[in-house]
There are 2 protein chains.
Amino acid sequence: MALSHAIMTALLEENLSGYDLAKKFDMSLGFFWQASHQQIYQELKKMLERGWLSSDTVEQAGKPNKILYALTGDGKSALDDWVVAQTKARSAKEDLYVKLYNIGHCDPEPLIGEIADRQLQCQRQLALYLKIKERHYAEPETLPINRKGIYLALSAGIRQQQMHIDWCDEALELLGALA
Amino acid sequence: MALSHAIMTALLEENLSGYDLAKKFDMSLGFFWQASHQQIYQELKKMLERGWLSSDTVEQAGKPNKILYALTGDGKSALDDWVVAQTKARSAKEDLYVKLYNIGHCDPEPLIGEIADRQLQCQRQLALYLKIKERHYAEPETLPINRKGIYLALSAGIRQQQMHIDWCDEALELLGALA
DNA sequence: TAGCGCATGTAACGCGTTACATGATTAC
DNA sequence: GTAATCATGTAACGCGTTACATGCGCTA
């Protein structure tokens, strides 16, 4: 598992509150790992108990107090251990592929519609990724090592979306949606 | 969720035991949806209670008895409803991408090794998929509709592996593993 | 005054993994 | 004898989602 590790990764560069983390998991990091605020708050509680994080309440004028979390030495070691350990890839669990096995046994139209929708979503996401790439990662070879890592995650996202868009084309054509 | 739906999909064509299902989830269907035998047995229990399946104990000579499960009318309706309903795509949750964000903060070598391993695994899986494609799905346009669906799932698998292999190439090159 | 952004949580439930558990037959 | 295959399960725990819950300040 890795939500705790994703949180620690986010805390490497700056201390953040649960709320900040939730926002971060809605973008950037969240492109590759989603988490709701509920899950984040619960995980933070556990991580405090384990001693991976320390917390510090900050009073704010005109806003609710916030609790800033920071990575401890124990947390950093746990994170390093995890990065270095091999983790096995888990299978995708894509509903859509299972649904395809059913296409001969029920009305194919809604499924075709779902594929078309997916393609649109992917195109939107791809456009976003490409914009980020252009602005911040135009020349990957010249980046420092840590930003190379982030670039590679982004590149994987781009390839993923691109691949899925192409597959949707093939599917829609084969299923006669373009006829 | 969809394990129950994946099970019903497998039962569309033939009645199977928990053991048979577990084997099926190790190949074909399992390329896109993995499940352990423990999970399958528990799910079967729930599905019987819900009335989506019926069961029938079969005595066998020289082997343990087996319990064959069959899809009921209620089960088929539930399956149809699910296929037709839009389900939202969930994000990938790939550890590797999160690890990449850490690459500037710890020893990159093990991570590079993991990427190389992943690439090998993908190549093996791709070879398997291509063999299946060649043998059973060489001419997708001529297939009946239900086999077109299965072909498309396979095609997605092929594209996925291919994409990941290409990405690993890029990653290994950028991280200087080929130098 | 209605809604959004900031900020934090609890509770219940279901999915998924790991470990534990049994017992017969067949092939080496 | 020892391992693999066939065949079925239980128990405990952890991850993830959904629903529920509160309360302040700012803006339209």
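Residues numbered from 1 in each chain as written. Chains lettered and ligands numbered in written order. Predicted model: local features only at pLDDT ≥ 70, side-chain atom pairs only at ≥ 80, totals over all residues.

Asker: I would appreciate a short explanation of the overall build of chain A in the present structure.
Answerer: Helix and strand content of chain A: seven helices and two strands. When its helices and strands are written in sequence order, chain A yields α-α-α-β-β-α-α-α-α. In terms of principal-axis extent, the alpha carbons of chain A reach across some 60 × 40 × 40 Å. Taking all 179 residues of chain A together, 34% fall into the buried category. Summarising the internal contacts of chain A: among those between residues at least 6 apart in sequence, 54% fall at separations of at least 24. (Helix = DSSP H or I, 4+ residues; strand = E, 2+ residues; numbered from the N terminus. Buried ≥ 20, exposed ≤ 12 C-beta atoms within 10 Å, placed from the backbone. Contact = placed C-beta atoms within 7 Å.)

Asker: Where do I start with the protein's contact with DNA strand C in this structure?
Answerer: Near DNA strand C there are 21 residues, and of these A:S17, A:Y19, A:Q38, A:K66 and B:G62 occur at the shortest range. Mapped onto the surface near DNA strand C, the elements with two or more residues apiece are α2 (18-24), α3 (37-50) and β2 (66-71) of chain A together with α3 (37-50) of chain B. For the surface near DNA strand C, the element with the highest residue contribution is α3(A), accounting for four residues. Tallied by class, residues from the surface near DNA strand C come to seven nonpolar, 10 polar and four charged. (Near = placed C-beta within 6 Å. Nonpolar A, V, L, I, M, F, W, Y, C, P; charged D, E, K, R; others polar.)

Asker: What's the story with helix α6 (residues 109-136) of chain A in this structure? I'm lost.
Answerer: For an α-helix the count is 3.6 residues per turn, leaving residues at separations of three or four pointing the same way. Here α6(A) contains 28 residues, and its C-alpha end-to-end distance of 41 Å stays within 8% of the 40 Å for a straight helix at 1.5 Å per residue. Restricting attention to buried positions, one finds in α6(A) the residues A:L111, A:I115, A:R118, A:C122 and A:Y129. (Expected span 1.5 Å × (residues − 1).)

Asker: Looking at this structure, how should I read the relation of the copies chain A and chain B?
Answerer: The relation between the two chain copies is a rotation about an axis coupled with a shift along that axis. Screw-axis analysis of chain A against chain B gives a translation of 0.0 Å along the axis, an RMSD of 0.0 Å, and a rotation angle of 180°. Accordingly, the operation relating the two chain copies is best matched by a two-fold axis. (Least-squares fit on C-alpha atoms with pLDDT ≥ 70 in both.)

Asker: Where do I start with the domain arrangement of chain A in this structure?
Answerer: Size of an interface: often given as the accessible area lost when the parts come together. Under the domain assignment used here, chain A contains domain 1 (3-84) and domain 2 (95-174). Each of domain 1 of chain A and domain 2 of chain A was reduced to a C-alpha centroid, and the two centroids are 28 Å apart. (Domains from an automatic or database assignment.)

Asker: How do you make sense of unusual backbone geometry when you look at a structure like this?
Answerer: The phi torsion of most residues other than glycine is negative, and most of the peptide bonds are trans. Residue and element names in this part refer to chain A. With a phi close to 30°, S28 is a non-glycine residue in the positive phi region. On the secondary structure map, S28 appears in the loop between α2 and α3. Judged by the 15 C-beta atoms lying within 10 Å of it, S28 falls in the partly exposed class.

Asker: Whenever I open this one, the interface of chain A and chain B confuses me. Can you help?
Answerer: Taken together, the contacts link 58 residues of chain A with 58 residues of chain B. Where the side of chain A that touches chain B is concerned, the elements lending two or more residues are α1 (3-11), α4 (73-84), α5 (95-100), α6 and α7 (145-174) of chain A. A per-element tally of the side of chain A that touches chain B places α7(A) first, with 17 residues.

Asker: Where do I start with the environment of B:S55 in this structure?
Answerer: All names here are of chain B. You can see S55 is positioned in strand β1 (residues 53-58). Taking the C-alpha atoms as reference points, S55 and L68, 13 residues apart in sequence, are found 5.6 Å from one another. Each residue touching S55, except ones within four places of it in the same chain, is listed here: L48, I67, L68 and Y69.

Asker: Help me understand the protein's contact with DNA strand D in this model?
Answerer: Around DNA strand D, 21 residues are found, and the nearest of them are A:Q39, B:S17, B:Y19, B:Q38 and B:K66. It is α3(B) that provides the largest number of residues to the surface near DNA strand D, a total of four residues.

Asker: I would appreciate a short explanation of the packing of α7(A) against helix α7 (residues 145-174) of chain B in the present structure.
Answerer: Packed helices, taken two at a time, are described by the angle their axes make and the gap between the axes. Where α7(A) meets α7(B), the closest approach of the two axes is 9 Å, and the angle between their N-to-C directions is 155°. As the angle between them shows, α7(A) and α7(B) are arranged roughly antiparallel. In the packing of α7(A) onto α7(B), the handedness of the crossing is right-handed. Here α7(A) contributes A:K148, A:L152, A:S155, A:A156, A:R159, A:Q160, A:M163, A:D166, A:W167, A:E170, A:A171 and A:L174 to the contact with α7(B), which in turn contributes B:K148, B:L152, B:S155, B:A156, B:R159, B:Q160, B:M163, B:D166, B:W167, B:E170, B:A171 and B:L174. A breakdown of the residues in the contact of α7(A) with α7(B) according to their chemical character gives 12 nonpolar, four polar and eight charged. (Axes fitted to C-alpha atoms, helices over the stretch in contact; angles between N-to-C directions. Parallel < 35°, antiparallel > 145°, perpendicular 65-115°, else oblique. Left-handed = near helix turned anticlockwise from the far one by under 90°.)

Asker: Help me understand the environment of B:N15 in this model?
Answerer: Turning to its location among the elements, B:N15 is positioned in the loop between α1 (3-11) and α2 (18-24). Residues B:N15 and B:S54 lie 39 residues apart in sequence; the distance between their C-alpha atoms is 9.9 Å.

Asker: I keep staring at α3(B) and nothing clicks. Help me out?
Answerer: Residues and elements named next belong to chain B. An ideal rise of 1.5 Å per residue puts 20 Å on 14 residues; α3 measures up with 20 Å between its terminal C-alpha atoms. Among the residues of α3, I40, L44 and M47 are the ones counted as buried. Here the buried residues of α3 occupy an arc of 70° about the axis, which is enough to place them on one side. Residues of α3 that are exposed and point more than 90 degrees away from the buried face comprise Q38, K46 and E49. (Arc of directions from axis to C-beta.)

Asker: Mind showing me how you'd approach the packing of α1(B) against α3(B) here?
Answerer: Residue and element names in this part refer to chain B. Packing of α1 against α3 leaves a shortest axis separation of 10 Å and a crossing angle of 85°. Here α1 is positioned roughly perpendicular relative to α3, judged by the angle of their axes. Counted together, L3, S4 and I7 of α1 and Q39, E43 and M47 of α3 form the full contact between these two elements. Its residues placed into classes, the contact of α1 with α3 shows three nonpolar, two polar and one charged.

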